[in-house]
Amino acid sequence: IMEVKNMGKKNTLKNFWVRLESASSTVTGSLIYLKPNFPNGKKEPELVFDCGTFLDSENKKYNEDFPCKPANIYAVFITHEHVDHMGRLAGFYNQGYKGKVFASEYAVQVIKSEAIKNYFFTMKNNEEPKHEEKDAISLINGCVPIKIGEIINIDDNVEMVAYNNAHTKGAVMYLITFKYEEHKIRILITGDYKKRSILGKSYFPSSKKYKGKITIVTEATNGTKKKPVAHFKKDLEKSLYEGKSILCSSAGSERYEDILYAIKTMQEAGKISSDIPIYLEVKNAFDLSKLNLNVLPFNFNLVNNSNVRKIALYDKRQKIIVVANYGAFTYYFPNVISKSNWGIFFVNHMYKGSLAERLMTPRGTIIKYCGKEYKKEATAYHTEEFSAHYYIDEFKELIEGFLDINAVFLGHGESESKKELQEEAQKRNGLNVQILKRGEAFKIFEDKIRHSS
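Residues numbered from 1 in each chain as written. Predicted model: local features only at pLDDT ≥ 70, side-chain atom pairs only at ≥ 80, totals over all residues. Heavy atoms only, no water.

**Observations regarding the sheet that holds strand 11 (residues 183-189)**
Next, step 1: With mixed pairing, the 7 strands of this open sheet are ordered in space as 8-9-10-11-12-21-22. Each of the sheet's edge strands pairs with one partner strand only, and the pair in question is strand 8 (151-155) and strand 22 (433-435). Averaged over neighbouring strand pairs, the angle between their axes works out to 20° when direction is ignored.
Next, step 2: By the bridge criterion, 3 bridges tie strand 21 (residues 405-411) to strand 22 in an arrangement that is parallel. Looking at strand 22, one finds that valine 408 is bridged to valine 433.
Next, step 3: Contacting strand 12 (214-219), strand 21 and strand 22, helix 11 (residues 415-425) runs over the sheet at an angle of about 170° to strand 22. (Pairing = 2+ DSSP bridges. Helix = DSSP H or I, 4+ residues; strand = E, 2+ residues; numbered from the N terminus. Axes fitted to C-alpha atoms, helices over the stretch in contact; angles between N-to-C directions. Contact = heavy atoms within 4.5 Å.)

**Comments concerning the nonpolar core**
Next, step 1: One finds Leu34, Phe49, Phe77, Ile176, Phe178 and Ile187 to be the most contacted residues of the largest nonpolar core, which totals 60 residues.
Next, step 2: The contacts of isoleucine 176, once residues within four sequence positions are left out, are Leu34, Leu47, Phe49, Val158, Glu159, Met160, Ile185, Arg186, Ile187 and Ile189.
Next, step 3: Counting residues in each nonpolar core, the second largest holds 27 residues, with Tyr256, Leu280, Val322 and Phe386 among its members. (Core = buried A, V, L, I, M, F, W, Y, C linked by side-chain atoms within 4.5 Å. Buried < 20%, exposed > 50% of the residue type's maximum accessible area, 1.4 Å probe, protein only.)

**Some details on the packing of helix 10 (residues 392-399) against helix 11**
Next, step 1: The interhelical angle for the contact between helix 10 and helix 11, taken along N-to-C directions, is 50°, at an axis separation of 12 Å. With respect to each other, helix 10 and helix 11 are oriented oblique. Like other packed secondary-structure pairs, helix 10 and helix 11 cross with a definite hand, here right-handed. For the pair formed by helix 10 and helix 11, the contact residues are Ile392, Phe395 and Lys396 on the first element and Leu421, Glu424 and Ala425 on the second. (Parallel < 35°, antiparallel > 145°, perpendicular 65-115°, else oblique. Left-handed = near helix turned anticlockwise from the far one by under 90°.)

What follows is the structure, given as structure tokens:
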């Protein structure tokens, strides 16, 4: 065992520590495993935070490989409902897990609605991780909604508090405190993190700095990128002025609200006519009562059946269609890609080889999509200004919210992004920043950490 960093007081208890291990070295497959060790030898609960699916071809082989024995885990806590953070839950039950799955009320609803559907999908497509229908049912019955800000006493020595997180609808982060006599080890697991919501609300840490010593486990998705220049409104106004109708792909519940609110503010400023109908199509299982009324623009229409969908597409009036799921996008895209009076907006991350990247080409380019070829005549736009992940300034703001940081661990990000953020973050005097890698573990003490193989 090699000591990585030693900071602060000298009276750290030798046998009071928490083992920290990540199941992932990349963006997907998120899973954090915590195993406490106490001086009195008492067996304390082992905890798992997130249980996500590996989506990239290189790491899919790990979808049935966990860094712990599921049967030994006391509880699983989910930060949000994206599949790369909760998609392996049924597989976890399949390998012996018997406990509960805690998440926000919204995330619980999504996990339950996806459980059986995911089972049939994995069976039909021979996808990993394998699980049986009974495992999906166990997952549905095991879900427990948590309340924000309410202390969960796991036992006499371990407590947990969930805080809001603006990453996506229903996202939370967890502050876990392990206690032994007067000693405490505090660990904040942010999951994918964004501090401010669409309406500017700021979440934990508050404006007052958190004073207790803390270890932070957070993401590094955007690395050291600065928040990009906002140009969505400018592009949208120009496209509408040219007489185009708009198809906007905003997969993810956090992004469609951003888009709708941007449109609403443009209407209020007179940049967009309130006569232009705005259509939103979300998943069929979407709970209409969960619509955020504060972000809805004028002339708003919810696409919740096939008749409204046909109106949205074939009505000859100029309109804006916002699509919040990939299935619906496959319906609209083939009908608009070859029409010069349409603009197609992408607000998701544009990775290499993606449809968004392939559309950033001149008119007349042949585009392959879902096995067919289309001649591109529509105008394509892309922006990352609505990213649900923090940029470098927001990361610094997160770190500045704490007076006494034991260490910062970076996960959920490509290796290059994590390395860049580590180097930048270490410029803060005395800040110990470590990169989480699959197959490696750390021991977290009160005022130091140790790296163990």
